[in-house]
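Chains, contacts and geometry: an overview
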Amino acid sequence: YSLTDGELLSVVATEDLTQLDKINATLARRTFEESGNYKVSGLTLSDKQQNDTNYIYITLGAGKAYVRGYEVNKDTDYTVRLERANDLRNIENEPKTYRDGTNRYILNNNYVNSIKKVVGIIQVTQNITRGLIAGGVDYLPLSPTVEIVEITQGGTTYTRGVDFQLLNDGVDWSIGSKAPEVGTSYSCTWTYNKTLVKDVDYRLDYSEDKYNGFIVFLNGDKPVSGTQFTINYDFKLCRWDVIALDMAGNVLDIK
């Protein structure tokens, strides 16, 4: 009898193997050449409904087979321990389009492990102080800037492309003759690319489907409606294993 951790692995006939070695080898070779490897009975696989952090367990039922021409008997069920599939694949810049009122977006791959990075176009309005150089540039505190949407001061609205332009993440006043007085504050609305903050701006959610992961936007910053945001994440790869026997009755897990 061959046992592993107290479980019966295989049964070998009790004849004098030394005397019958050559005969058995010849018979095994002929059997293998004529029929290959084959199962006679049993040897079914079933889920043992048992798992832990690193492994899942399946049952190989009792049965009989011929491997390389040698008879292999498994008289009892045998527990096979399989390592969990922990290989990951990275996804870079998966694009989604944000729509007002929709804060859940399904990711393209199942079994998402973690979201690494989310970048979206955010709109912000802040008071900016006009620099001390006439016709100079007032650099915006949040960048990289995508677009300057609006600039106002009191009842005056300044025109993009006439009074100002975007230059190097700042408001360039050199192109026009109308601008806020130096040292005064004006209201500027602009959009910029922001790397969103996990658990503040978004989170990964599996509450609806244990296979499909969603990115959910929270009460922090959200992308501008109609603009594209991108997601970097990794997900778990599924794995097909082959469970096999060798001619000694050893159970093999071929990943």
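Calculation rules
- Within every chain, residues take consecutive numbers counted from 1 along the sequence as written.
- Per-residue local features are limited, in this predicted model, to residues with pLDDT of at least 70; the limit for side-chain atom pairs, both in listing and counting, is 80 or more; totals at the level of whole chains, interfaces and linings are taken over all residues.
- Calculated side-chain values reflect all of the structure's heavy atoms, with hydrogen atoms and water omitted.
- We call two strands paired when DSSP finds no fewer than two bridges between them.
- In DSSP terms, a helix is any run of H or I states spanning at least four residues, a strand is any run of E spanning at least two, and both are numbered starting from the N terminus.
- Only protein chains enter the calculation, and the probe is 1.4 Å; a residue is then buried if its accessible area is under 20% of its type maximum, exposed if over 50%, and partly exposed in between.
- Contacts are residue-level and defined by heavy atoms, with any inter-residue pair within 4.5 Å sufficient.
- Think of each axis as a best-fit line through the C-alpha atoms, taken over the contacting stretch in the case of a helix, with angles from 0 to 180 degrees between the N-to-C directions.

**Let's talk about the pairing of strand β5 (residues 55-60)**
In this structure, strand β4 (residues 45-51) lies alongside β5, joined through five bridges in antiparallel fashion. Note that in β5 the partner of L45 across the bridge is L60. Connecting β4 to the next strand, β5, in antiparallel fashion are three residues. Both β5 and strand β8 (residues 78-83) contribute to a ladder of six bridges, which runs antiparallel. Following the sheet pairing, L60 is matched in β8 by Y78.

**Details of the side chain of T59**
Checked against the element boundaries, T59 lands in strand β5. Looking at T59, the relative accessible area reads 13%, which means it is buried. Ignoring any residue separated from it by four or fewer positions in sequence, one finds T59 in contact with T44, L45, S46, K48, D77 and Y78.

**Digging into the sheet that holds strand β10 (residues 104-110)**
The three strands lie next to each other as β10-β19-β18, forming an open sheet whose pairing is antiparallel. The open sheet has two edge strands, β10 and β18 (202-205), and neither has a second partner. Pairs of neighbouring strands in the sheet enclose a mean axial angle of 25 degrees, with direction left out of account. Strand direction decides the pairing type here: β18 and strand β19 (residues 212-217), joined by four bridges, are antiparallel. Across the sheet, residue Y202 finds its bridge partner in β19, namely F217.

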